[in-house]
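# What the coordinates show
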Amino acid sequence: MLAAQFNDLIIWLLLIAAAISASVGEWIDALVILAIVILNGILGFIQEDRAARAMLSLQKLSAPSAKAIRGGLLLSLPARELVPGDLVVIEAGDQVPADLRLVHSTNLRIAESALTGESVPVEKNHANVLDENTPLADRHNMAFMGTSLAAGKAHGIVVATAMRTQIGHIVGLIQRHPPQPTPLQLRLKEMGKTLLLVVLGAVVMIFLLQLLRGGRPLELFLLSVSLAVAAIPEGLPAVVTIALALGVQRMIKRHVLIRKLPSVETLGSVTVICSDKTGTLTRNEMTVQQIIVSSGRYDVTGAGYEPTGQFLLDDGSQKHPITPLQIPDLLQALTIAARCNHSRVFAREAPSSGWQIVGDPTEAALLVAALKASVPAAGEPHQILHEIPFDSDRKMMSVILADPAGANILYAKGAPEPLLARCTHELVANEPRPLSESRKHEILQASHSMAQRALRVLAVAFRPQSPNEPPHDAEKDLIFTGLFGMIDPPREEARAAVADCHRAGIRPVMITGDHPATARAIAAQLGIASRDDQVISGAQLDKLSDDELAARIQNISVCARVTADHKLRVVRALKSLGHVVAMTGDGVNDAPAIKAADIGIAMGITGTDVTKDAAAMVLLDDNFASIVAAVEEGRGIYDNIRKFIHYLLASNTSEIVLMLLAALVGWPAPLLAIQILWINLVTDSFPALALGVEPTERDIMSRPPRPAREPLITRRAGLLILCHGLLLAAAAVAGFLLTYTGDPASLPTARTVTFCTLALTQLFYSVSCRSPRWTWPQLGAFTNIYVASAMALGAVLQIALATIPPLRRLFKLAPLTPFQWLLIFLLALTPVTLIEITKLLANHRRAIRGEPTQSLAPLNPRPSE
């Protein structure tokens, strides 16, 4: 990496020029040039190394996790902490975190294409006993690291980790490819090529003009190469990488993990955020509030996951406390809720307080309701014999348990409509009675009424089974038992985040599997939808062609009762209209839509490994507000990249203009080669890095999204860079004109004044680049302490260079009088003062037009990077 800093044609030319200088006796010039080149290389190395370390830390943060049973508890822990002998739980959508010997499996199919090349998921069975020499692709009682579960669930014992796994052996045989550059870095590279041609053209012109007026060829060659080195921001890719990495680390503090750097650039262009409801827009603390069974309607008190509360019978006029264990149909409903369930609820250990769940929040809410009635979860002697897992097509799940009395029992839960369609009886007074179509209609009406009150509704049913009955076709002739209505209240921060989206020109769209009425109620509370015509169901989506959906999608804010196919169609319809779409999801079924979106966002808590792999971002807290925070940070990062590019190009333009103007009018070169190299060293490195961590401006979410195809430097920005470059050059030209009398004896002093003026002008200019709109005092003089520190450090080094005699002689500077120093500071402060006054005048014009112009402090007054 260090050697690569010097592997550049222009640097080679500079070293050749230094060698030629040494050969003709100009040892001081040669040594100073060599020292500056080495120092510049070391700074470049430090920048790249810091960027590499920052990226490595991000990779560690995105490392996979695993669910293991330790001490009798199901824990989520980093996959790297697994050891041989651990008991690991895996289910559909998970990546296998280590090589496992399966000890229990249910309908298990694993996609092993990454390991074996087998395109079709392989069926696995823990009961198989195989010869130890069985080929890898035929080891059906094993699950291998790096593969993913297509269906089912399993428990497995870890037999190998890391490089001892099958995929570890392969990794050891191949050489890792270096990371590919991001689109932003590629655009910077293209910009660099264009800049190189422009700079080389200007440098050649300067060389020829100065040569024609009698300049020394060696001196002019050295000057030209130095000017090319200074004018081309070769450290720009490293600075961009550091800015991206530091911005991404700042996002982590706001609960967002970026897995793919290009998404940071895309964040600023997002126009639509398609978000799941449960846990993202809501608190993900489901609580059963109402149960309807044949004997009546019961309210359940208590909130959250603490299993304490009362059951109240609602007779229409008042509510009476009851004992659920004495009401057979209510007891049976609670029993199904507890045993058709994989969640766990337990009190946190000290010093934490409260209750914690492991598993799905909806299942946890059902379990908590059962525990409030003292109904235990599945376990001895009620062992699960078979499970038919939930899937988005059936919208239900079932388990078959061994009953102590000898007969097996199937317990089922799911969405009311599909579950009722499989029911032929209803439990009434502890006896199954035939379920008529009119009664089904009544139950669905009750379900709809609950959903209109923003309750999520689940139905439960059961059926006794004979021991020899095949389990795969068991979900039929069920006995309907009851409805559970639960609430997951909207997050307070989500309501504010939705308002931020509207203000920022971003349209939030809720996409959920919940009932349309429930989705509509939550969307109305959050401000996502205000009219009924903004809500569409999956069944309605099925009736629309792709063209019809594209025509209607602009007015749709809520999609309810949708499947994975519906989500994919919605994303494609929005993209067909030119929208930049962010899409959230947690299940394996969400992966296609997440991959199709411009930015796929996975849930960090509830998301499966497959979903996280497909996503560009992971929400560490599953919170919609964190998506908006990521957009805000993404806009800020892109702004900062533009700011330091603007600073570097304007500064470099000033050097080119100064030297070109001198050559055109016939002046001697206002700067020497070593002086140009010094300015490049002092002004290009630290101020640019400091601008890269500029805090996000308050009004950044009041702007519309950036057009996706907008170039890095727009025409307006290019003209502004040129104007600022001319202004900086004018200050240096004024310094030269006021001190150069045409007498060669005055040239060293004139060069010294020009040298100090240009260096300090560029350093002071860095504070103007903090914002294209707000002045330095409006932003807060010390809200970015790094810019102030870089400016102060550069100024101190520049003054030391011009005042300490040994350094002064090295750089061929003349001693300056106090008046000349006053002149230098006045000239250096003139461009930044004019630019800041221009901002004030522009803000005044905006105020006249009625636009907001208040002083805006940054979001992050003191960044911690």
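Let me sum up the structure you'll find in this document. (Residues numbered from 1 in each chain as written. Predicted model: local features only at pLDDT ≥ 70, side-chain atom pairs only at ≥ 80, totals over all residues. Heavy atoms only, no water.)

### Some details on the overall build of the chain
Counting secondary structure elements, the chain contains 28 helices and 28 strands. Per-residue burial for the chain yields a buried fraction of 54% across its 865 residues. Put simply, the chain shows about 37,200 Å² of open surface, and 60% of that area lies on carbon and sulfur atoms. (Helix = DSSP H or I, 4+ residues; strand = E, 2+ residues; numbered from the N terminus. Buried < 20%, exposed > 50% of the residue type's maximum accessible area, 1.4 Å probe, protein only. Areas by Shrake-Rupley, 256 points an atom, 1.4 Å probe, with all protein chains shown as cover.)

### Concerning the nonpolar core
Grouped together as the largest cluster of nonpolar side chains are 138 residues, with contacts concentrated most on Ile-273, Phe-480, Leu-483, Met-617, Phe-624 and Phe-644. Per-element tally for this core: the top contributor is helix α20 (residues 624–665), with 21 residues. Excluding residues within four positions of it along the chain, Leu-483 makes contact with Gln-290, Ile-291, Ile-292, Pro-416, Ile-443, Ala-446, Ser-447, Met-450, Val-457, Leu-458 and Ala-459. Ranked by size, the runner-up nonpolar core spans 39 residues in total, among them Val-288, Ile-336, Val-368 and Ala-373. (Core = buried A, V, L, I, M, F, W, Y, C linked by side-chain atoms within 4.5 Å. Contact = heavy atoms within 4.5 Å.)

### So, the pattern of salt bridges
Where charged atoms from two side chains of opposite charge come close, those side chains can pair. Inspection of every chain in the model, using the stated rule, returns 26 salt bridges. With a shortest N-O distance of 2.5 Å, Asp-299 and Lys-319 are connected by a salt bridge. Of the two residues, Asp-299 is situated in strand β11 (residues 296–300) and Lys-319 in strand β13 (residues 319–322); the sequence distance between them amounts to 20 residues. Looking at Asp-299, the relative accessible area reads 11%, which means it is buried. For Lys-319, a relative accessible area of 46% corresponds to the partly exposed category. Among the salt bridges present, the one from Glu-694 reaches Arg-770, with a minimum N-O distance of 2.9 Å. With Glu-694 in the loop between α22 (686–692) and α23 (715–739) and Arg-770 in the loop between α24 (747–768) and α25 (776–779), this pair connects stretches of sequence that are 76 residues apart. For Arg-770, a relative accessible area of 0% gives the class buried. Here the residues in one salt-bridge network are Asp-639, Lys-643, Glu-697, Asp-699, Arg-703 and Arg-773, joined through shared partners. (Salt bridge = Lys/Arg side-chain N within 4 Å of Asp/Glu carboxyl O.)

### Re α23
Helix length check: α23, at 25 residues, gives a terminal C-alpha distance of 37 Å against a target of 36 Å (1.5 Å per residue), a fit within 8%. Along α23, the residues that are buried comprise Ile-721, His-724, Gly-725, Leu-728, Ala-729, Ala-731, Ala-732, Val-733, Gly-735, Phe-736 and Thr-739. Buried-residue contacts for α23 involve α20, α24 and α28 (818–848). (Expected span 1.5 Å × (residues − 1).)

### Side note on the side chain of Asp-329
Here Asp-329 lies in helix α9 (residues 328–339). Lacking a salt bridge, the buried Asp-329 has Arg-439 as its closest oppositely charged neighbour, with an N-O distance of 8.2 Å. With sequence-adjacent residues up to four places away left out, Asp-329 is seen in contact with Val-293, Ser-294, Ser-295, Leu-427 and Thr-481. (Lys, Arg positive; Asp, Glu negative; His and termini not counted.)

### What about a nonpolar patch on the surface?
A contiguous nonpolar surface patch, about 420 Å² in accessible area, is contributed by Leu-2, Leu-31, Leu-34, Ile-38 and Ile-42. One can find Ile-38 in helix α2 (residues 27–61). For Ile-38, a relative accessible area of 40% puts it in the partly exposed group. (Patch = residues over 30% accessible without salt bridge, like charges linked within 9 Å, V, L, I, M, F, W, Y side chains within 5 Å.)

### Comments concerning the packing of α23 against α24
Closest axis-to-axis distance for the α23/α24 pair is 8 Å, and the angle between their directions is 155 degrees. On the basis of their axis angle, the class for α23 and α24 is roughly antiparallel. Judged by the sense of rotation from one axis to the other, the crossing of α23 with α24 is right-handed. Note on element contacts: α24 touches α23 through Leu-747, Ala-750, Val-753, Thr-754, Thr-757, Leu-758, Thr-761, Gln-762 and Tyr-765, opposite His-724, Leu-728, Ala-731, Ala-732, Gly-735, Phe-736 and Thr-739. Of the residues that constitute the contact of α23 with α24, the class distribution is nine nonpolar, seven polar and no charged. (Axes fitted to C-alpha atoms, helices over the stretch in contact; angles between N-to-C directions. Parallel < 35°, antiparallel > 145°, perpendicular 65-115°, else oblique. Left-handed = near helix turned anticlockwise from the far one by under 90°. Nonpolar A, V, L, I, M, F, W, Y, C, P; charged D, E, K, R; others polar.)

### Observations regarding the pairing of β13
Two elements, strand β12 (residues 311–314) and β13, share four bridges in a ladder whose sense is antiparallel. Each bridged residue has a counterpart across the sheet, and for Leu-313 the counterpart in β13 is His-320. Linking β12 to β13, which pair antiparallel, is a turn of four residues; within it Gly-316 sits at a positive phi near 100 degrees. (Pairing = 2+ DSSP bridges.)

### Overview of the packing of helix α13 (residues 492–503) against α20
Each pair of packed helices can be described by the angle between their axes along with the distance between the axes. Contact pair α13 / α20: the axes reach a minimum separation of 8 Å and the direction vectors enclose 35 degrees. Considering the relative orientation of α13 and α20, their crossing is left-handed. Only Phe-624, Ala-625 and Val-628 of α20 make contact with α13, whose side of the interface consists of Glu-493, Ala-494, Ala-497, Val-498, Asp-500 and Cys-501. Along the lines of polarity and charge, the residues of the contact of α13 with α20 split into seven nonpolar, no polar and two charged.

### Considerations on the environment of Asn-640
Note that Asn-640 resides in helix α20. Placed 130 residues apart in sequence, Asn-640 and Arg-770 show a C-alpha to C-alpha distance of 8.1 Å. Residue contacts for Asn-640: discarding those within four places in its chain leaves Arg-250, Leu-691, Gly-692, Val-693 and Glu-694. Here Glu-694 takes part through its backbone oxygen, which lies 2.8 Å from a polar atom of the side chain of Asn-640. (Polar contact = N/O pair within 3.5 Å; in protein donor to acceptor, adjacent residues only side chain to side chain.)

### Quick look at the sheet that holds strand β23 (residues 507–511)
With mixed pairing, eight strands are arranged side by side in an open sheet as β8-β28-β27-β26-β9-β23-β25-β24. Across the chains shown, the open sheet's two edge strands, defined by having one partner strand only, are β8 (256–258) and β24 (535–537). Direction aside, neighbouring strands of the sheet carry axes that sit 20 degrees apart on average. Here four bridges tie strand β26 (residues 581–585) to strand β27 (residues 599–603), and the two strands are oriented parallel to one another. Looking at the pairing, Ala-582 lines up with Ile-599 of β27. Set on the sheet, helix α14 (residues 516–526) makes contact with β23, β24 and β25 (558–560); between it and β25 the angle comes to about 155 degrees. Across the sheet, helix α17 (residues 564–576) lies against β9 (272–275), β23, β25 and β26, angled at about 170 degrees from β26, the strand it touches most.

### Observations concerning the pairing of β9
Across the two faces of β9 the burial is the same, with Val-272 and Cys-274 and Ile-273 and Ser-275 all buried. With four bridges connecting them, β9 and β23 associate as parallel partners. Each residue of the ladder has a partner; that of Cys-274, found in β23, is Val-509. Both β9 and β26 contribute to a ladder of three bridges, which runs parallel. Opposite Val-272, over in β26, you have Val-581 as the bridge partner.

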